[in-house]
Amino acid sequence: DAAMRDNTSDAQTALSRKADPNTPRDMYDLTPLHYAAHHNNAEIVNMLVSNTSQPANVFAQDEEGWLPIHRAILLGHVDVVSSLLDAMESSPICNIRRPLHGDLAAAALEKPAWGESLPTDLMLRIVKFESAHLGGASLVHCWATRNRAEAFVAASRMGLDDLMASIHGRDENG
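What you see is a predicted model, and the numbers here were worked out from it, not measured in a lab.

About the criteria used
- Residues numbered from 1 in each chain as written.
- Predicted model: local features only at pLDDT ≥ 70, side-chain atom pairs only at ≥ 80, totals over all residues.
- Heavy atoms only, no water.
- Helix = DSSP H or I, 4+ residues; strand = E, 2+ residues; numbered from the N terminus.
- Buried < 20%, exposed > 50% of the residue type's maximum accessible area, 1.4 Å probe, protein only.
- Contact = heavy atoms within 4.5 Å.
- Areas by Shrake-Rupley, 256 points an atom, 1.4 Å probe, with all protein chains shown as cover.
- Axes fitted to C-alpha atoms, helices over the stretch in contact; angles between N-to-C directions.
- Parallel < 35°, antiparallel > 145°, perpendicular 65-115°, else oblique.
- Nonpolar A, V, L, I, M, F, W, Y, C, P; charged D, E, K, R; others polar.
- Core = buried A, V, L, I, M, F, W, Y, C linked by side-chain atoms within 4.5 Å.
- Salt bridge = Lys/Arg side-chain N within 4 Å of Asp/Glu carboxyl O.
- Expected span 1.5 Å × (residues − 1).
- Arc of directions from axis to C-beta.
- Polar contact = N/O pair within 3.5 Å; in protein donor to acceptor, adjacent residues only side chain to side chain.

A. Inspection of the overall build of the protein at higher detail. What the protein contains, in helices and strands, is 10 helices and zero strands. Helices (α) and strands (β) of the protein occur, in sequence order from the N terminus, as α-α-α-α-α-α-α-α-α-α. For the protein, the residues scored as buried account for 46% of the 174 residues in total. Put simply, of all contacts in the protein between residues at least 6 apart along the chain, 69% involve residues at least 24 apart. Surface accessibility of the protein: about 9,000 Å² in total, with carbon and sulfur atoms responsible for 49%.

B. View of unusual backbone geometry. Despite not being glycine, Asp6 has its phi angle at roughly 60°, a positive value. Take Asp6: its relative accessible area is 33%, and that puts it in the partly exposed class. You will see that Lys18, though not glycine, has its phi angle at about 70°, which is positive. For Lys18, the position within the fold is in the loop between α1 (8-16) and α2 (32-38).

C. Structural view of the packing of α1 against helix α3 (residues 42-49). Viewed as axis vectors pointing N to C, α1 and α3 meet at an angle of 10°, and their least axial separation amounts to 10 Å. Here α1 lies roughly parallel to α3, going by the angle between them. Along its contact with α1, which presents Thr8, Ala11, Gln12 and Leu15, the element α3 presents Glu43, Ile44, Met47 and Leu48. The residue makeup of the contact of α1 with α3, split by class, is five nonpolar, two polar and one charged.

D. A look at the packing of α3 against helix α5 (residues 78-90). Relative to each other, α3 and α5 sit at 10°, their axes nearing to 9 Å. With respect to each other, α3 and α5 are oriented roughly parallel. Between α3, through Ala42, Val45, Asn46 and Val49, and α5, the contact on the second element is made entirely by Asp79, Val80, Ser83, Leu84 and Ala87. Broken down by class, the residue content of the contact of α3 with α5 amounts to six nonpolar, two polar and one charged.

E. Representation of the nonpolar core in the model. If you look at the biggest cluster of nonpolar residues, it comprises 34 residues, and the most contacted ones within it are Leu33, Val58, Ile69, Val81, Leu84 and Leu118. For this core, the elements supplying multiple residues, two or more each, are α1, α2, α3, α4 (68-74), α5 and α7 (120-133). A total of seven residues in this core trace back to one element, the largest contributor, which is α5. When neighbours within four sequence positions are excluded, Leu33 is seen to be in contact with Val45, Leu48, Val49, Ala56, Asn57, Val58, Pro68 and Leu84.

F. Fine view of the pattern of salt bridges. One pass over the structure, following the stated rule, counts four salt bridges. The salt bridge involving Arg5 is made with Asp10; its shortest N-O contact spans 3.1 Å. Taken together, the shared-partner salt bridges connect Asp86, Glu89 and Arg125 into one network.

G. α5, seen in detail. Across its 13 residues, α5 extends 18 Å between first and last C-alpha, which sits within 8% of the 18 Å expected from 1.5 Å per residue. Of the residues making up α5, those classed as buried are Val78, Val80, Val81, Ser83, Leu84, Leu85, Ala87 and Met88.

H. Quick look at the environment of Ala42. Inspection of the secondary structure puts Ala42 in helix α3. It is 6.4 Å that separates the C-alpha atoms of Ala42 and Asp79, two residues lying 37 residues apart in sequence. The residues touching Ala42, leaving out its near neighbours within four places in the chain, are Asp79 and Val80.

I. How the structure looks around α1. Turning to α1, its buried residues number three or more, namely Thr8, Ala11 and Leu15. Each buried residue of α1 sits inside an arc of 60° when the element is viewed along its axis, so together they form one side. Where α1 is buried, its residues meet α3. Where α1 begins, the side chain of Asn7 points an oxygen toward the backbone nitrogen of Ser9, at a separation of 3.2 Å. Just beyond α1, the residue with positive phi is Lys18, at close to 70°.

Set out below in C-alpha cells:
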C-alpha cells in the first residue's frame, strides 16, 4: 500500500516488518514495484529490489503482461528505468512468463508523453537485454524482419550493426 500511495517512509517501515514486496496489491496484479515505477520513485524501487529478506521480482508481470520497467519507460522515468534495468541485468534468472514482443525497446525509442526521453546508452542497454533474453522478440528484431530501413539506421546509431546482421541472418536461416 505504501508504494501505491507513493510513501517512501511507509514503504521502508513495511519492508523492515518483512512485508512481501511481491504480493500484488490490486485486481490488476500490480505489485509495489509496478507502483513505485509508475510514480517515478527511484528510492522505493531501490529499496524493493535490494530488500535483503526478499527482493522484489523485477520480472513480475501484471494481468496484461507488463513489467514494472514498462511503466517507467513509457513515462520517461530515466532513473527508475536505470535502476530496474540494473536489477534485471544482475538477476541470475530472466523469468519472463511470456514474450514482451518488443515493448521495452519500442517504448524506449518513442518520445514519452511525460518525462524525459531515454538517453541513448540506456536505450542501447534495453535493446541488448531484449536481444539476449527474448530470442529475437525485440522491436529492432521486428523492424529487421520487415526490412524497415529505419530499424537499421537506429541500430547503427546505437552501435548495433553486428546485432542487426545476426538477427537478419537468423531469420533468413530459419
